[in-house]
Amino acid sequence: MCLAIPAKVREKSGVNLATVDVLGVTRKVSLDLVPGTDVGDWVLVHAGFAIEKVDEQFAQETLELLRSMPYLEEDT
Amino acid sequence: MFDQNDFRDPELARNLIEGINHYAGVIAVNKGADYTVHLMEVCGTHTMAIAKNGLRDVMPANVKLTSGPGCPVCVTANKDIDIAIELAKHHDVMVTTFGDMLKVPGSYSSMQKEKGLGGDVRVVYSPLDALALAEKNPDRHVVFISVGFETTTPIISATIKRAEAMGLENFSVYAANKTVPNVLRAIADDPSIQIDALILPGHVSTIIGSKPYEFLADEFHVPGVVTGFEPLDVLQGIYLLLEQLAKGEAKIDIAYTRGVRVEGNPTAVDAIYEVFEPCDAEWRGLGVIPGTGLAIREKFAQFDALKRIELNPPEPREIKGCQCGDVLRGAMLPFECRLFGRACTPEHPIGPCMVSSEGSCAAYYRYTDYGRN
């Protein structure tokens, strides 16, 4: 029920609406809750609404953190 | 852009599991080999992610993953489900609902049964679809049945504001939405429920941030980590919790940084409290918990279904033998319920924890072999 999927904003239209792309499937969502969202941004979509912008940089940082964990180094 | 599959990398998973075993070992030394660490997740999506990815099977022997009241459908009390069912019986009402509320049994019926008896019940993906139905059917009163936590509530507020701007007079909401922090307080306060640390919900926290959980660390010395939903995310959350427990620390941390900021999404939080005001709410298995419900404010009364439609739902009753309440409190695991896998299966579910796609019984039944023997 709290599922939210990362999606890329392809186009903005109408009253605070946007077309987003989720793994090739496009759908219309509302941007009411994420003012300042632009085409090209990634957002978390839940039940037809963008609820937050996804921070790409944090995604990369998390992955780098996981790759740099001590136990990995001990094995290599 | 990152690829979600990056967060399913088996090499990094093995690495995290090794770290989890390391800290579980430190805890065993500190607290004794027979001490079992209870980590509770409080989000139905985590319940599913843990079960689907078999994460229980890779936990050290002294680490137990339990499920809390994190499935918004499951925690909805029969009293509220009966009201939704009464709305479905109303001949001039078109009920719109999320899919997983449809089959949930109330005291005597379900929305699905009423649909079979001629009730106008429609499953929608978004409350925006309910608005579109109201626009297309001006002679019908469209009611949206709303359950959910802070992830879902702001979209209900935004929908009501859109209905107001559209001047829609044939649309209203029956809201049984709930909030998470105070139910965590009730659980942390309950001596019968052992919790060493909390896997905190990801997308609820996208909205409210991490501050509302700080009382858990400050007052109860219970660590919490806001966790994402991919396998690596969940393993990272567990790893960080065990690290804290091994070091005797208790703080609220965010592992799911790509989706959650400390301050959350203030626009969404403002939207919640512009349209709703806190009230008491009844939770299945937990009773009435003060300040965990949300009622539509007087200013938006025209969008409150209960203020517009006369209903007299039956006196609610519990389903005989159903122990969903204990499962939801984390006091019992699904397969410890007498009905699990026998009278209660996905094909003919008895309690909501088996009906709901994020219920812990549904997760256990579908992804573990407890349901077969």
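Residues numbered from 1 in each chain as written. Chains lettered and ligands numbered in written order. Predicted model: local features only at pLDDT ≥ 70, side-chain atom pairs only at ≥ 80, totals over all residues. Heavy atoms only, no water.

Caption draft 1: The pairing of strand β1 (residues 5–13) of chain A, seen in detail. All names here are of chain A. Note: β1 against strand β4 (residues 42–46), four bridges, orientation antiparallel. Residue pairing for β4: I5 is matched across the bridge by V45. In sequence, β1 turns back onto strand β2 (residues 17–22) through a hairpin of three residues, with G14 there showing a positive phi of about 50 degrees. (Pairing = 2+ DSSP bridges. Helix = DSSP H or I, 4+ residues; strand = E, 2+ residues; numbered from the N terminus.)

Caption draft 2: Region of interest: the sheet that holds strand β3 (residues 93–97) of chain B. Residues and elements named next belong to chain B. Strands sit in the order β4-β3-β5-β6 across an open sheet of four strands; the sheet is parallel. Two strands in the sheet have a free side with no partner beyond their single neighbour: β4 (121–123) and β6 (171–175). Direction aside, the axes of adjacent strands within the sheet are offset by 25 degrees on average. (Axes fitted to C-alpha atoms, helices over the stretch in contact; angles between N-to-C directions.)

Caption draft 3: Just the environment of D196 of chain B, in detail. All names here are of chain B. Note that D196 resides in the loop between α7 (181–189) and β7 (197–200). Considered as a pair, D196 and C337 are 141 residues apart in the sequence and their alpha carbons are 24 Å apart. Not counting chain neighbours up to four residues away, the residues in contact with D196 comprise K31, Y35, T36, V37, H38, V222, P223 and L245. A polar side-chain atom of D196 sits 2.9 Å from a polar atom in the side chain of Q194. (Contact = heavy atoms within 4.5 Å. Polar contact = N/O pair within 3.5 Å; in protein donor to acceptor, adjacent residues only side chain to side chain.)

Caption draft 4: Molecular detail of the nonpolar core. All names here are of chain B. Counting 106 residues, the largest nonpolar core has L87, M111, I145, F171 and Y213 as the members making the most contacts within it. Excluding its chain neighbours within four sequence positions, the residues that come into contact with I145 are A84, L87, V95, T96, T97, M101, M111 and Y174. Core analysis: the next-biggest nonpolar cluster, separate from the first, contains 34 residues, M59, L65, I238 and L240 among them. (Core = buried A, V, L, I, M, F, W, Y, C linked by side-chain atoms within 4.5 Å. Buried < 20%, exposed > 50% of the residue type's maximum accessible area, 1.4 Å probe, protein only.)

Caption draft 5: A look at the confidence of the model for chain B. In the predicted model, chain B carries a mean pLDDT of 94, and the fraction of residues at 70 or more is 98%. Our summary of model confidence lists the complex with pTM equal to 0.93 and ipTM equal to 0.91. (pLDDT = per-residue confidence, 0-100.)

Caption draft 6: Representation of empty space enclosed by the protein within the structure. All names here are of chain B. With the rule as written, the count across this model stands at three cavities of 30 Å³ or more. In this structure, the largest cavity encloses a volume near 90 Å³. Forming the boundary of the largest cavity are 13 residues, of which C322, C324, C337, C344 and C361 lie nearest the centre. At the level of secondary structure, the elements contributing two or more residues to the lining of the largest cavity comprise α13 (324–328) and α14 (352–355). Here the second largest cavity is characterised by a volume of approximately 50 Å³. In the lining of the second largest cavity, the residues fall into four nonpolar, seven polar and one charged. (1 Å grid on protein atoms, 1.4 Å probe; cavity = no way out; pocket = protein on both sides within 12 Å on 5 of 7 lines; lining within 4 Å. Points joined across faces, edges and corners; volume = space filled by probe spheres on them. Nonpolar A, V, L, I, M, F, W, Y, C, P; charged D, E, K, R; others polar.)

Caption draft 7: Main features of the interface of chain A and chain B. Opposite the 39 residues of chain A that make contact, chain B presents 52 residues. Carbon and sulfur atoms supply 64% of the area buried between chain A and chain B, which totals about 3,900 Å² over both sides. On the surface where chain A and chain B come into contact, there are two salt bridges. One salt bridge connects D32 of chain A with R162 of chain B, and the closest N-O pair in it is separated by 2.7 Å. At the boundary of chain A with chain B, the tally comes to 10 residue pairs in polar contact (both at pLDDT 80 or more). Counting only elements with at least two residues in the side of chain A that touches chain B, the list comes to β3 (25–30), β4, β5 (49–53), α1 (56–67) and α2 (70–75) of chain A. (Buried area = accessible area lost by both parts, 1.4 Å probe. Salt bridge = Lys/Arg side-chain N within 4 Å of Asp/Glu carboxyl O.)

Caption draft 8: Structural context of the environment of G359 of chain B. Residues and elements named next belong to chain B. With respect to the helices and strands, the residue G359 is situated in the loop between α14 and α15 (360–367). Taking the C-alpha atoms as reference points, G359 and P334, 25 residues apart in sequence, are found 9.7 Å from one another. The residues contacting G359, other than those within four sequence positions of it, are T47, M48, C71, C74 and C353.

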